[in-house]
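Take a look at the letters that make up each chain.
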Number of protein chains: 2
Amino acid sequence: MDKKPLINNNNTADVEKSAVPDEAAVIEEAGAAGEPLAAANAARHTAGFEYAGDGRKRVVIEGVKPEIDDGQFPIKRVLGETIVVEADVMTDGHDLLSCVLQYRRKDDSAWTSAPMKPLVNDRWRGEFTVRELGRYQYTVTAWVDHFKSWRHDLSRRVQQEDIAIALRAGAEMLARASAQATAEDAAWLKARARALESDQELGYRVHLAVSEELAALMERYPDNRLATAHDHILEVVVDDERARFSTWYEMFPRSYSPTPGQHGTFKDVEAQLPRIADMGFDVIYFPPIHPIGRINRKGKNNTLTPEPDDVGSPWAIGAREGGHKAVHPALGALEDFRALVAKAKDYGIEIALDIAFQCAPDHPYVKAHPEWFRWRPDGTVQYAENPPKKYQDIYPFNFETEDWQALWTELKSIFEFWIEQGVRIFRVDNPHTKSFAMWEWLIGEVKAKQPNAIFLAEAFTRPKVMHRLAKLGYTQSYTYFTWRNTKPELIEYLTELTQTEGQEYFRPNFWPNTPDILNEYLQYGGRAGAIVRLVLAATLCSNYGIYGPAFELMENTPLKPGSEEYLDSEKYEIKRWNVNRPDSLRELIGLINRIRRRNPALQQNANLHFHPVNNEEIICFSKHTDDLSDIILVVVNLDPHHTQSGWVNLSLAALGLESGQSFQVHDLLSQAHYLWHGTRNFVELNPHILPTHIFRLHRRTHTERDFDYFLG
Amino acid sequence: MDKKPLINNNNTADVEKSAVPDEAAVIEEAGAAGEPLAAANAARHTAGFEYAGDGRKRVVIEGVKPEIDDGQFPIKRVLGETIVVEADVMTDGHDLLSCVLQYRRKDDSAWTSAPMKPLVNDRWRGEFTVRELGRYQYTVTAWVDHFKSWRHDLSRRVQQEDIAIALRAGAEMLARASAQATAEDAAWLKARARALESDQELGYRVHLAVSEELAALMERYPDNRLATAHDHILEVVVDDERARFSTWYEMFPRSYSPTPGQHGTFKDVEAQLPRIADMGFDVIYFPPIHPIGRINRKGKNNTLTPEPDDVGSPWAIGAREGGHKAVHPALGALEDFRALVAKAKDYGIEIALDIAFQCAPDHPYVKAHPEWFRWRPDGTVQYAENPPKKYQDIYPFNFETEDWQALWTELKSIFEFWIEQGVRIFRVDNPHTKSFAMWEWLIGEVKAKQPNAIFLAEAFTRPKVMHRLAKLGYTQSYTYFTWRNTKPELIEYLTELTQTEGQEYFRPNFWPNTPDILNEYLQYGGRAGAIVRLVLAATLCSNYGIYGPAFELMENTPLKPGSEEYLDSEKYEIKRWNVNRPDSLRELIGLINRIRRRNPALQQNANLHFHPVNNEEIICFSKHTDDLSDIILVVVNLDPHHTQSGWVNLSLAALGLESGQSFQVHDLLSQAHYLWHGTRNFVELNPHILPTHIFRLHRRTHTERDFDYFLG
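This text gives an overview of the structure that appears in the document.

About the cut-offs
- Residues numbered from 1 in each chain as written.
- Chains lettered and ligands numbered in written order.
- Predicted model: local features only at pLDDT ≥ 70, side-chain atom pairs only at ≥ 80, totals over all residues.
- Heavy atoms only, no water.
- Helix = DSSP H or I, 4+ residues; strand = E, 2+ residues; numbered from the N terminus.
- Buried < 20%, exposed > 50% of the residue type's maximum accessible area, 1.4 Å probe, protein only.
- Contact = heavy atoms within 4.5 Å.
- Areas by Shrake-Rupley, 256 points an atom, 1.4 Å probe, with all protein chains shown as cover.
- Expected span 1.5 Å × (residues − 1).
- Arc of directions from axis to C-beta.
- Phe/Tyr/Trp six-rings, centres within 6.5 Å; stacked < 30°, edge-to-face > 60°.
- Pairing = 2+ DSSP bridges.
- Axes fitted to C-alpha atoms, helices over the stretch in contact; angles between N-to-C directions.
- Salt bridge = Lys/Arg side-chain N within 4 Å of Asp/Glu carboxyl O.
- Polar contact = N/O pair within 3.5 Å; in protein donor to acceptor, adjacent residues only side chain to side chain.

Turning to the overall build of chain A, a few remarks are in order. Along the backbone of chain A there are 16 helices and 30 strands. Referenced to the eigenvectors of the C-alpha coordinate spread, the extents of chain A come out at roughly 105 × 80 × 45 Å. Looking at chain A residue by residue over its 712 residues, the buried ones come to 60%. The contacts of chain A with a sequence gap of at least 6 include a subset with a gap of at least 24, amounting to 75%. Summed over all atoms, the accessible surface of chain A reaches about 27,800 Å², with 50% contributed by carbon and sulfur.

Here you go:
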């Protein structure tokens, strides 16, 4: 029998780093230090007796949360966040248990133990905080704690003879613990053991036996030889703050030449940085910046008959000048790109790239790696199609190629290449049409080296596929927000995003528009409609973005009625945006983004709470920090055409308020202050003035007690 | 590349047994036939490239139901039942999928495949029926089906050139399939492949390509080399009908001597069989029948001061005459017991034994295996205790003994011993105070040899512990039914038992009373109260039982006020039951049990449906067979003292009825017939006559159309 301490709980601190050898002892059957605890459940066969494991382990652990798909996928957090872990922990009979949450940085051999505390109904809870980027692991371990049971029983015994015998049993436990203890603790424990068996007065000996001091020391040297570990080692991906709170601005660099009709350059974009920084964006995202294919190039408005000077779609990647690791010569050289990235950083902005795993017919890959594509019986490469539609300017990769390992390796190297150029944020185009297995591997490999890399999944597809991509590793995900415009739609969708298990791994990023999506609400909602969608995105979701100039300038003409494509889309031509137009939303966008920066309540989503309003056109919701030091209350008139009014029914408890209490709400947009009282409060919003309030709530109003002379 | 067929779907039948070699091919990386399909996901490492598995596998499977705790525990079914399996199955992009449910008897190497069909939202469903006792296994396997995608696309293509090229691609697929096919099918496929590429008219060739005949043949030889198997092999324990539908009668054999004051025998019990069979019971359950300890024996009413002739508690097991494998000499010899078991079988009754893993101080185990017990520092064995309470007549086993393997083996052999005597139903006493790990092992081992063995868990403990025992293998479980007496309590508890995941493994057995529990409702409810509890148990739950004579005779005196113990409990003394007393519930019990036997709706629980009544004292619920050929509607007045009336609001859809329809309800207790109409119907129940209706519902009433001469 191994007498070494197994899990080293230090009572003097909440958590403590335990040394490798202690941990190894927990996993009796497992060999090397740092092996998963779950190995404790590994098979052990005795001749003639078939049973996997040590039958004396009496504790069972189930219902561990958070745990995604049996621990197959990690949850996600950002630096400084806490993971609250719960589990059902039970044993047979009436013995008391001890239970610890164990965690460590992945591949770091030392586990740390934090005590878990019982709630009700066999549920236990513990927590730990993540302070480094990368992956953490956690699991739950528990054991029958005979010392705890003994102590509990001792205080209830009444017969002197029983007490005397129990004290002898206790002394044995202390002696055993002393064998694991430091010299100092061992001496103390041995002395205490002798005292329990001494001829001192029985009541005094019981007093010594149940002392907190002894309990604390015994907790440091628990007898957890028969501890049970949860079946799974669970993982957390820890990102930096930008993964949770980011503000994106999408732009096509080629549209920013000061000379009309000329192809813009990275240098031209540098001139836009002050304006974009002033609006409060921290991510500028470019559509693909690579050479654009010439074969089957699309013309303006996605026509098949381009003019000779048509610039084509940036998503038709690759030409004789290069592919996914080259820049379009008209945009400048790679050095220019690196210079832009550096300059943007000076403004607190990161450049995000669009990675689209597909090739124009003249992409160098097609000749260099014909085995990465599907071939048709006529000897041509299979282009993208959805019969009867054909996309002959795009060749998809064949993820069933026998050369899949080389393909994956090359695709991964594209991210690595751009990381070398200073990029760490990627918006991935249509990830749901590429191999799931590849994404899990690729994102894992990239983030292992660059743990603050951010992958935004541009997958507008079926819900379970979108969730799968998030589970596989995508840091953020596009959503259905664009098509959720009415109050019930918004409440239902946001409740799903923020209140279900999905919030452990699926981080939404809300976009009112994209170059692909000019939603009907924006087409017909005018200026008020744009403001409504902007405020909803920016306050409902800690990550949001706009397809910049088109949104600022409230561009709202579709290709044709019923279409969500922009007319004269920037996807197929160079545009000129008069970003200094006086009716631009620029100032308002800047104000809203400043509000987001100043209010941590808006930098997270789990604390979203909807409040009823007796008008279906008015939506009201709040967000707050855990400590209630920042409470934001947003009221939006979803009707962009008419003034709407109604009574808000605040859920006061959610805001830390008591019924009957007065409080001040300060509209951070209009700077107006209102005194509200209790649950029911009246709102009226004229969309032609401003269709929304963004209130900061001050829980306490001034009273006479605030005057120095009140108390005399 | 392995060209063999992988999963052999026969289109001519819903399911088909596939030969071992075919199955083996699915699990490419796994070696031997019969290995789990999940092995297909096993690690495969290529030099310099770390990835576990074949990266070309593009399908993912998640959300498989039913699956208990990641497949750690089996679900339960009885012979002839169907398991409906669902899963989320997805791939990247737009390719079509094929998905099969695979199942087999455990340790039977041949898997059978049944096709799964898509529902909505990436959900697929399939099913299989279990026709043999023991364990079955099932899992889900799916793959990208290029033939299906090709066929789907072909019918949408418009350009002649595209169609011609697609036909050539199709011909290649047919040729590949032919390599796996029988000679006859191969010839057909090759001929069809030639036709697709022939110079016949294009439309005709498309007609040949999309034919159902070809689709069916290609489904038989699918290209599923890159199939994905679900991570887990899931299991079903298949019991016989008695596991789902049983009617228990508990009795103490020692109380049935015809001579007053004399210890009854097994022979005496034989005389009771006709009466018990006539009441419709199919299980007679005896408290332990072993020699009763003499050391620290309890007296009448659980006193510590027994008279010399006190018989003691049957749960104080073991004396010089023997232990768990011996019979109490006063009951007769082992042969007498076997004779009783055989005689009971003639009456359609099985004898169930109480297995209580604990020892009286004079049990032979204590001397033979001192290492199986805990020892106190004073050299005495640790008796059961819950300080300050002491149970000095009971020694529990120490499941942390280093000799646990021998202990487990011996405890298992107790079940095996009684199985040899003809017993296969066991009521296990306080299983929650014995090692969970042992139960999972022991029940698994016993049922491997005796698959129709039934284990009823007598665990009145915390909910998660009760569920854990059911997961570990207990066939049936005692419940909180005894303490659920009001309408909201009953609805909440039965909804939990019948409508949540627990119903996959937790089979409730309802007991209105036991020798340990004389509930307050029975103490004060009188005859009507007893009938209410009887009808609720017998109709809400397909398994139910009574502590027989005490219930028949409405014994209702507690040991003292506030206690749930019977006064002069049969646990500690020999009783004389005047079972022929004219006010006995015997006839009513017999009638209710006949109703249960004749109505399959009452032999299952998943179809339970509550119907609102506008009176909190009246509860109404229905059960029906899947085909609606048997519909039982129960109405109970829960107030045993006053007449109650109200309007029942039937959920017609649940009963297969249309609104506005008339139907007949036939009270199987009173034999009254009522004509009901639509949703709202009036009920009035006088508890002093009969507090309940058990209606059989006839969905159709006779009309003039039923007369021969109606149509002239």
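Having seen it, we continue.
Residue and element names in this part refer to chain A. In this model, helix α8 (residues 334–346) (13 residues) spans 19 Å end to end at C-alpha, consistent with the 18 Å of a helix rising 1.5 Å per residue. Within the sequence span of α8, burial applies to Phe337, Leu340, Val341 and Ala344. When α8 is viewed along its axis, its buried side chains cluster within an angular range of 100° and face the same direction. On its buried side, α8 packs onto α7 (266–278), β13 (283–286), β14 (350–355) and α10 (404–420). Taken from the residues just after α8, glycine 348 is the one with a positive phi, measuring 75°.

Below, the discussion takes up the packing of aromatic side chains. Centre-to-centre distance and the angle between the planes together describe a pair of aromatic rings. Residue and element names in this part refer to chain A. This model, assessed by the stated rule, comprises 92 aromatic pairs over all chains. Arranged with centres 6.1 Å apart and planes meeting at 70°, the rings of tryptophan 248 and tryptophan 511 form a pair that is edge-to-face. A residue pair is termed long-range when its members are at least 10 positions apart, and tryptophan 248 in strand β12 (residues 246–250) and tryptophan 511 in the loop between α13 (487–499) and α14 (520–540) qualify at 263 residues. When sorted by exposure, tryptophan 248 lands in the same class as tryptophan 511, which is buried.

The subject of this paragraph is the sheet that holds strand β24 (residues 618–624) of chain B. Residue and element names in this part refer to chain B. Taken together, the six strands give an open sheet; going across it, the order is β23-β24-β25-β30-β27-β28, and neighbouring strands pair in antiparallel fashion. A single partner strand is all that each edge strand has here, and the edge strands are β23 (609–611) and β28 (673–677). If you compare each strand with its neighbour and ignore which way they point, the axes differ by 30° on average. Pairing of strand β25 (residues 631–637) with strand β30 (residues 692–698) involves five bridges; the strand directions are antiparallel. Within β30, the position partnered with valine 636 by the bridge is threonine 692.

What follows covers the interface of chain A and chain B. On the side of chain B, 73 residues touch chain A, which itself brings 73 residues to the contact. Joining chain A to chain B, the criterion identifies 16 salt bridges. Between Lys390(A) and Asp162(B) there is a salt bridge, with its nearest N and O atoms 2.6 Å apart. Seen at the junction of chain A and chain B, the total is 28 residue pairs in polar contact (both at pLDDT 80 or more). Listed by contribution, the elements that provide at least two residues to the side of chain A that touches chain B are β2 (59–65), β4 (82–91), α2 (146–154), α3 (160–178), α10, α11 (436–449) and α12 (463–472) of chain A.

Bear in mind that shape data such as this cannot, by itself, settle questions of function.
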